[in-house]
Amino acid sequence: RVLLISGDTGVGKTRVARELIARLSGERDAPVAVMRQSCYEEDRGTPYGIVAELLDGAIETGKVSVPVAAEIRNTIVSMLQRVAPEKEPGSPPPADEIVGHWHLHRRLLEAIREVRAGRPLVIALDDLHWCDDASLQLFVDIVRRINDRPVLLVLTVRSGIHSPALALALAEMRASGKLDELAQK
């Protein structure tokens, strides 16, 4: 499932997300694993930047092994090195780029399984309106594939600040039927 908390600056989106995570983490019969990260405007241009930050946090807290995170990081670096800057706008991506994206998405899903370790998982992303496009697409893929797994994405987003990639990502999440929305006023 996905919970999208939206509203203007300062209405308490982050506080609501933190309180929800605290309540979920406090349930004794179902301990919850949490991966949490904030998106920042200056990082918007770094492909997979938020994914790398999530992995760094998971490594620091011992939730994911260094080899798994290193392989994901190497895949990201390899993909970024192959992106041709002279590619025509609107042209399809090269085959190796598609394979790289597929491999990265598979490895990230494996890392999520490792973090979960059989427990429910909450992935919390604050200020999603600053998230890079590549990470957004990866999170949409996660939403498509989580199905019956106990994974909850808690996303906060500022009202009215939607890049085309964010608008598309949210539309895909809505179409999946897995998105619940809470508008803070």
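The text that follows walks through the structure, step by step, so that each part is easy to find. (Residues numbered from 1 in each chain as written. Predicted model: local features only at pLDDT ≥ 70, side-chain atom pairs only at ≥ 80, totals over all residues. Heavy atoms only, no water.)

## Side note on the packing of helix α5 (residues 133-146) against helix α6 (residues 164-176)
Now for step 1: One can describe the packing of α5 onto α6 by two numbers: an axis separation of 10 Å at closest approach and a directional angle of 0°. Judged on the interaxial angle alone, α6 and α5 are roughly parallel. Across the interface between the two elements, Asp133, Leu136, Gln137, Phe139, Val140, Val143 and Arg144 of α5 pack against Ala165, Leu166, Ala169, Glu172, Met173 and Ser176 of α6. (Axes fitted to C-alpha atoms, helices over the stretch in contact; angles between N-to-C directions. Helix = DSSP H or I, 4+ residues; strand = E, 2+ residues; numbered from the N terminus. Parallel < 35°, antiparallel > 145°, perpendicular 65-115°, else oblique. Contact = heavy atoms within 4.5 Å.)

## Some points on the nonpolar core
Now for step 1: Ranked by size, the top nonpolar core spans 38 residues in total, and within it Ile123, Phe139, Ile142 and Leu153 carry the most contacts.
Now for step 2: Put simply, the parts of the chain that give this core at least two residues each are β1 (2-7), β2 (33-38), α2 (49-60), α4 (95-116), β3 (121-126), α5, β4 (151-158) and α6.
Now for step 3: Looking at which element gives the most residues to this core, the answer is α5, with eight residues.
Now for step 4: Apart from the residues within four sequence positions on either side, Ile123 is in contact with Met35, Leu54, Ile112, Val151, Leu152, Leu153 and Val154.
Now for step 5: Within the second largest apolar cluster, 10 residues are counted, among which are Leu3, Ile5, Val32 and Val34. (Core = buried A, V, L, I, M, F, W, Y, C linked by side-chain atoms within 4.5 Å. Buried < 20%, exposed > 50% of the residue type's maximum accessible area, 1.4 Å probe, protein only.)

## A short note on the sheet that holds β3
Strand pairing in a sheet relies on backbone hydrogen bonds. The paired strands run either parallel or antiparallel.
Now for step 1: Taking strand neighbours across the sheet as the criterion, the five strands line up as β2-β3-β4-β1-β5 in an open arrangement whose pairing is parallel. Each edge of the sheet is formed by a strand with only one pairing partner; in this case those strands are β2 and β5 (179-183). Taking each pair of neighbouring strands and ignoring which way they run, the sheet shows an average axis angle of 15°.
Now for step 2: The pairing of β2 with β3 spans six bridges and is classified as parallel. Residue Gln37 lies in a different strand from β3, and its bridge partner there is Leu125.
Now for step 3: Contacts from α5 reach β1, β3 and β4, with the element oriented near 145° to β4.
Now for step 4: Running over the sheet, α6 touches β1, β4 and β5 and is turned about 120° from β5. (Pairing = 2+ DSSP bridges.)

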